[in-house]
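So you can see what is in the structure, the chains are spelled out below.
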Amino acid sequence: QVQLVESGGGLVQAGGSLRLSCAASGRTFSSYVMGWFRQAPGKEREFVAAISRSGGSTYYADSVKGRFTISRDNAKNTVYLQMNSLKPEDTAVYYCAADGLIWSPALLSRADKYDHWGQGTQVTVSS
């Protein structure tokens, strides 16, 4: 079992940056693929980014490609989401997720495939 705690959310002006962190408990962090998802009011949870167990492969939603960067530090049991050039439409609660059984890249964007979730952190981008 792994527990996830996100931090780093807040209020930022359009064009600004934020860095989200997700700290994981347990000694098997490197055995999990990690993902970031977000959910805006009245909308479904959507995929943002994912990273492989080693950190060697990353995947992004088209809407954030070129602006967001996902990374992980397996020694610190932490995954990060660097968000640059933020837009008002990026406003949402951001969740990190982990799963030990996903191996196909095609499944990384599917929220229903992740077994472990954090509580979420609010990101608000003002125009």
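### A closer look at the pattern of salt bridges
If charged atoms from side chains of opposite charge come close, those side chains can pair.
Thinking step 1. All chains considered together, the criterion is met by 5 salt bridges.
Thinking step 2. Salt-bridge contacts for Asp112 lead to Arg110; the nearest nitrogen and oxygen are separated by 2.9 Å.
Thinking step 3. Taken together, the salt bridges that share partners define one network made up of Arg38, Glu46, Arg67 and Asp90.

### A look at unusual backbone geometry
Thinking step 1. One non-glycine residue, Asn77, lies in positive phi territory at about 55°.
Thinking step 2. On the secondary structure map, Asn77 appears in the loop between β7 (68–73) and β8 (78–83).
Thinking step 3. Relative accessible area serves as the criterion here: at 16%, Asn77 is assigned to the buried category.
Thinking step 4. With a phi angle near 50°, Ser85 is a residue other than glycine that sits in the positive phi range.
Thinking step 5. The residue Ser85 is located in the loop between β8 and β9 (92–99) in this model.

### Things to note about the pairing of strand β5 (residues 46–51)
Thinking step 1. Within β5, 5 of the 6 residues are buried, which leaves the element mostly enclosed by the surrounding structure.
Thinking step 2. Across 5 bridges, strand β4 (residues 33–39) lies against β5 in antiparallel orientation. The partner of Met34 across the bridge, within β5, is Ile51.
Thinking step 3. Linking β4 to β5, which pair antiparallel, is a turn of 6 residues; within it Gly42 sits at a positive phi near 75°.
Thinking step 4. Here β5 pairs with strand β6 (residues 58–60) via 3 bridges, running antiparallel. By the bridge assignment, Ala50 is partnered in β6 with Tyr59.
Thinking step 5. Here β5 hands over to β6 after 6 residues, with Gly55 in that stretch at a positive phi of 90°.

Rules used in this analysis
- Residues numbered from 1 in each chain as written.
- Predicted model: local features only at pLDDT ≥ 70, side-chain atom pairs only at ≥ 80, totals over all residues.
- Heavy atoms only, no water.
- Salt bridge = Lys/Arg side-chain N within 4 Å of Asp/Glu carboxyl O.
- Helix = DSSP H or I, 4+ residues; strand = E, 2+ residues; numbered from the N terminus.
- Buried < 20%, exposed > 50% of the residue type's maximum accessible area, 1.4 Å probe, protein only.
- Pairing = 2+ DSSP bridges.

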